[in-house]
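Given next are the chains, with one letter for each unit.
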Amino acid sequence: MALMPCCTLWKEAVSRINNDINKVFKQVEPPSKEPFDYRKERQRLFAKIISGTTREQGMAMQPRGSDGVLSVIRDADVFSFLLEEIGRLRPWDEFRELPMPAELEPGDMWEIVEFLRKVAYGKTFTFSPRGGDPIGSSWYGFTSESQSLINQLGYRSRAGGSLAAGANAYIKRTGYMPAHLSELEAVAYRENLHVDYETIRRLAIGGERPETTDEMVIWNAIKLREQLEARTACELDDSFLSFLMQGLDQGVCDTGYKPKPHRGTAYDEYSRLSHKHIRENILSVQQGETHPIVAVLMNSDIIWNKPLFPRWTNLMELLVREFSFMKMGLPVMRYVPYSKSVLEWEEDRPSGGYGYRFRFGCAILESGFGLDVMPYYEQLLQFMKEGLDLLEQTIDRDSRKRESAKQTVRNDCRLNHRQRQLIECLIDNPNAPVDACSHQHANGIAISTAHVDLKKLVEMGYLTLSVDGKRQMFTIGNKP
């Protein structure tokens, strides 16, 4: 059936709705103690009317608002506008500046778009509903694009995948992952601990001991991170959370804990949550109600927005997040600098060439149908994708660098085959111990020949010599 212009019918429907709302307002006595927000009340009534969910006091019969919805989607211009906006998430400040079709009001179109978006999701999830009232609760749903993104994240970060293998090999060679260090730096900033990136690097891979109380806290976090994988059989319960808290407190005197506060998200659903909701989120994954990645990000929000621990809120969030991902079989997710990304979003300083679709605090869309938090979660999921992209780039860059170094060794005609083989092995495994005896046994040569091979490699800059007592040890030099 051809689309017919019927803006007049729609305007009449909106006019009827507004008249009915005005009747209700005339009979409403504003609460004496609490401020009465007429805009929000009108928003709520408008939503209920067009969705046909209830009759309000003062309405003699069910308004024909839903007829107005049917009228609007039969108009060609309005129909085109709705198709575009349902799939495009915008903040209200941007939406209201758009040219509206058929001279309709931005506020009314906003409500219709949110209504149709909620219907279009097919299945929506109500998060922490207020008293069971579907109008006014927070909800989210997945578009086909966001569902595809979640599936890609799960596939890329799975145990046994190519990215997991590359990450494990990288850490085996270098002893650390750059994103791990930058994540700890961001968390230390959140915790108001005076520990910079270079200090964290020395504590993590340089074998240095902490010298200050702040460094001791980060040192404890590093040691706990190293233990998480061996504890994935544990449940994420109060006992495990206590283990993490005690580990962070190890050897730390009273610091007068004063972390930097997280900026509010205009999202107040966390006021009634507690430790058990972290566990319930994980259980909802097992029951197929929530995607694992979304459940973990929800837990991070709970921990950040309603501090559940007496100290080290941000470090606890980091450890809980990484443990959850490993327990769910998504170990690569632990290498995503998620805290760093959220911090940069709050401070409006995008990194890595990525921009923000929504400014922080504007990614939750409020309408009479509640708080649409999907834009917020889409941004968080985007951070996870960017983190995996960064990890992939780091691994690829390292692979190209190693291959170039090996090619340099192969092209050096001064080297014999034993020396080439040794240097190529050290390029892939720079921490492998090498001395004259190991070189002798690996190649079946005389000890004197082994000494000559190694001495020449030191002279050429391929190896560095260090002495441990009477034992001479060799490590990869700077030349490759």
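Residues numbered from 1 in each chain as written. Predicted model: local features only at pLDDT ≥ 70, side-chain atom pairs only at ≥ 80, totals over all residues. Heavy atoms only, no water.

### Topic: the overall build of the protein chain
Broken down by element type, the protein chain carries 20 helices and six strands. The 480 residues of the protein chain split such that 47% are buried. A separation threshold of at least 6 residues defines the contact pool for the protein chain, and within that pool the share at least 24 residues apart is 66%. (Helix = DSSP H or I, 4+ residues; strand = E, 2+ residues; numbered from the N terminus. Buried < 20%, exposed > 50% of the residue type's maximum accessible area, 1.4 Å probe, protein only. Contact = heavy atoms within 4.5 Å.)

### A word on unusual backbone geometry
Positioned with a positive phi, Asn192 is a non-glycine residue whose angle comes to about 65 degrees. On the secondary structure map, Asn192 appears in the loop between α9 (178-190) and α10 (197-205). According to the relative accessible area criterion, Asn192 is partly exposed, its value standing at 31%. One non-glycine residue with positive phi stands out, namely Asp348, at about 55 degrees. With respect to the helices and strands, the residue Asp348 is situated in the loop between α16 (338-346) and β3 (365-367).

### Some words on the pattern of salt bridges
It is possible for side chains bearing opposite charge to pair when their charged atoms get close. Within the structure shown, the criterion is met by 28 salt bridges. For the salt bridge of Arg225 with Glu322, the shortest nitrogen-to-oxygen distance reads 2.5 Å. Within this pair, whereas Arg225 is found in helix α11 (residues 213-228), its partner Glu322 is found in helix α15 (residues 313-327), the two being separated by 97 residues in sequence. The exposure classification of Arg225 matches that of Glu322, with both residues buried. Its salt-bridge partner being Arg321, residue Glu317 comes within 2.7 Å of it at the nearest N-O pair. On the criterion of helical spacing, the pair formed by Glu317 and Arg321 is a turn pair, its members being four residues apart in helix α15. By relative accessible area, which is 1% here, Glu317 ends up buried. Under the relative-accessibility criterion, Arg321 is labelled buried at 2%. Each of Arg173, Asp398, Arg402, Lys406 and Asp428 takes part in one network of salt bridges that share partners. (Salt bridge = Lys/Arg side-chain N within 4 Å of Asp/Glu carboxyl O.)

### Overview of helix α20 (residues 447-459)
Compared with an ideal rise of 1.5 Å per residue, which puts 13 residues at 18 Å, α20 spans 19 Å between its outermost C-alpha atoms and is within 8% of the ideal. Those residues of α20 that sit buried are Ala450, Asp453, Leu454 and Leu457. Down the axis of α20, the smallest arc covering the buried residues is 90 degrees, so these residues share one side. Exposed positions of α20 whose direction lies more than 90 degrees from the buried face are Lys455 and Glu459. Residues of α20 that are buried in the fold lie against α18 (417-428), α19 (436-443), β5 (463-468) and β6 (471-476). Positive backbone phi, at 90 degrees, marks Gly461, one or two positions downstream of α20. (Expected span 1.5 Å × (residues − 1). Arc of directions from axis to C-beta.)

### Let's talk about the environment of Glu114
Relative to the assigned elements, Glu114 resides in helix α6 (residues 106-120). As for Glu114 and Phe369, which are separated by 255 residues in sequence, their C-alpha atoms are 7.2 Å apart.

### What about the nonpolar core?
Within the largest apolar cluster, 58 residues are counted, with the highest numbers of intra-cluster contacts made by Met333, Tyr338 and Leu380. Contributions of two or more residues to this core are made by α4 (76-86), α6, α7 (144-156), α8 (162-174), α14 (292-305), α16 and α17 (374-411). Here this core takes ten residues from α17, the largest share from any one element. Formed by 35 residues, the second largest nonpolar core is a distinct cluster that contains Leu193, Val217, Leu241 and Leu319. (Core = buried A, V, L, I, M, F, W, Y, C linked by side-chain atoms within 4.5 Å.)

### Section: the confidence of the model for the protein chain
Summary statistics for the protein chain give a mean pLDDT of 79 and a share of 73% for residues scoring 70 or more. In the predicted structure, residues 128-136 sits below a pLDDT of 50 and forms 20 contacts with residues beyond four places in sequence or in another chain. (pLDDT = per-residue confidence, 0-100.)

### Comments concerning the environment of Tyr140
Assignment of secondary structure puts Tyr140 in strand β2 (residues 138-141). Given the relative accessible area of 3%, Tyr140 is considered buried. Between the C-alpha atoms of Tyr140 and Met374, which are 234 residues apart in sequence, the distance is 4.8 Å.

### Structural notes on the pairing of β6
Note: β5 against β6, six bridges, orientation antiparallel. Looking at β6, one finds that Asp468 is bridged to Arg471. Once β5 ends, the chain turns through two residues before running back antiparallel as β6, passing Gly469 with a positive phi of about 70 degrees. (Pairing = 2+ DSSP bridges.)

### Structural notes on the environment of Leu193
Tracing the backbone through its elements, the reader meets Leu193 in the loop between α9 and α10. When its relative accessible area of 9% is taken as the criterion, Leu193 is described as buried. With 64 residues separating them in the primary sequence, Leu193 and Tyr257 have C-alpha atoms 9.5 Å apart. With residues near it in sequence (within four places) discarded, Leu193 still touches Ala188, Asp214, Val217, Ile218 and Trp312.

### Some details on the side chain of Thr313
Checked against the element boundaries, Thr313 lands in helix α15. Aside from chain neighbours lying at most four places away, what touches Thr313 is Glu191, Tyr257, Ile303, Trp304 and Pro307.

### Structural notes on the packing of α8 against α17
Packing of α8 against α17 brings their axes to within 10 Å, and their N-to-C directions diverge by 60 degrees. In terms of their interaxial angle, α8 and α17 are classed as oblique. Relative to α17, α8 is oriented so that their crossing is left-handed. Here α8 contributes Leu163, Gly166, Ala167, Tyr170 and Arg173 to the contact with α17, which in turn contributes Leu388, Leu391, Glu392, Thr394, Ile395, Asp398 and Arg402. In the contact of α8 with α17, the residues fall into six nonpolar, two polar and four charged. (Axes fitted to C-alpha atoms, helices over the stretch in contact; angles between N-to-C directions. Parallel < 35°, antiparallel > 145°, perpendicular 65-115°, else oblique. Left-handed = near helix turned anticlockwise from the far one by under 90°. Nonpolar A, V, L, I, M, F, W, Y, C, P; charged D, E, K, R; others polar.)

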